[in-house]
Amino acid sequence: MRLKDKVCIVTGAASGLGYGIAKRYVAEGAKVVIADLKDDAASAAAAELTEMGPGEAIGIAMDVTSEDAVNQGVAEVAAKWGRVDVLVSNAGIQIVHRIEDFPFADWKKMLAIHLDGAFLTTKACIPLMQKQGGGSIIYMGSVHSKEASELKSAYVTAKHGLLGLARTVAKEGGAHSIRSNVICPGFVRTPLVEKQIPEQAKTLGISEEDVVKKVMLGQTVDGEFTTIEDVAETALFFAAFESNALTGQSITVSHGWHIE
Ligand code: NAD
């Protein structure tokens, strides 16, 4: 068990990639905190994962855009388990428009969830990691941390921004063995992506089948979606890596959509 008794907070873990990462961590013996908007969804996900074991999970309500909610949630974890070994800043949403049609309120909402959320959770966890002598912070970037696509100005801006935050955390965290890295997945069929298929078909004036084949998977090497398990495996690799050799980096898991 590669994460036995490690305390891991995963934001946005009631669904999709966050849930898959939490599941993988619990399978490796971790004590996982499912932090999501709604207490009931977070607690239900936590109960399912505890049932699977061998690790355990708890659910907490945390809106990552609220400084008070983040600080309170991390304090609850510290009171219960006394430490935070791994933070996966994963919570995210998607809103697509052409720039000229992008409502400013939606732009601000996107940056708040992706960037403020990453900053606030990082800020709350760092003092605990310093005190205990180390930790691993993982940001959920995207191929859109490295490339742009039409309609996604806010998402691409936010996901590029996470690379900058991760690199800075790596520099500042080095003296305390706090590592910081980014996972950059291609398209994964989670609720976030399922919602985009009809939306993009409408905005681009093409069929849903073409959105999948041409827009989402057209530049992969094999026309395949990345899976939740692929991303969870990468999140385990970053979490369990034992030295500062691997910090300030990003790994792209995208079936070759983006090749560096
Ligand atoms: P999802 O919609 O399945 O899950 C997102 C979760 O985040 C939900 O449980 C939601 O309640 C939660 N959330 C939303 N706003 C929140 C907030 N303010 N505070 C706390 N929790 C909040 O989506 P997903 O596809 O699993 O996406 C997870 C992350 O992965 C996002 O950051 C997304 O940008 C990124 N990502 C997804 C893909 C993909 O293809 N699915 C690809 C690359 C990156």
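Above this note sits the structure.
The text that follows walks through the structure, step by step, so that each part is easy to find.

1. What to know about the site of the ligand
- Near the ligand, the surroundings consist of 28 residues, among which Ser15, Asp36, Tyr155, Val188 and Thr190 are the closest.
- Asn90 places a main-chain nitrogen or oxygen 2.8 Å from an oxygen atom of the ligand.
- Summarising the interface, the protein chains cover 91% of the accessible area of the ligand, which totals 830 Å² for the free molecule.
- Among the elements of the structure, α1 (16-27), α4 (104-132), α5 (153-173) and α6 (191-204) are those that each provide at least two residues to the shell around the ligand.
- When residues in the shell around the ligand are grouped by element, the largest group, three residues, is from α6.
- Counted by class, the shell around the ligand contains 15 nonpolar, 10 polar and three charged residues.

2. Focus: the pairing of strand β2 (residues 31-36)
- Burial within β2 is extensive, with five of its six residues counted as buried.
- As judged from the five bridges shared by strand β1 (residues 7-11) and β2, these two strands associate in the parallel manner. Paired with Ile9 across the strands is Val33, a residue of β2.
- As paired strands, β2 and strand β3 (residues 56-61) are joined by six bridges and run parallel to one another. Looking at the pairing, Ala35 lines up with Ile60 of β3.
- With helix α2 (residues 39-52) bridging β2 and its parallel neighbour β3, the resulting β-α-β unit is right-handed.

What counts as what
Residues numbered from 1 in each chain as written. Predicted model: local features only at pLDDT ≥ 70, side-chain atom pairs only at ≥ 80, totals over all residues. Heavy atoms only, no water. Near = heavy atom within 4 Å. Polar contact = N/O pair within 3.5 Å; in protein donor to acceptor, adjacent residues only side chain to side chain. Areas by Shrake-Rupley, 256 points an atom, 1.4 Å probe, with all protein chains shown as cover. Helix = DSSP H or I, 4+ residues; strand = E, 2+ residues; numbered from the N terminus. Nonpolar A, V, L, I, M, F, W, Y, C, P; charged D, E, K, R; others polar. Buried < 20%, exposed > 50% of the residue type's maximum accessible area, 1.4 Å probe, protein only. Pairing = 2+ DSSP bridges. Right-handed = clockwise from strand over helix to strand, strands pointing away.

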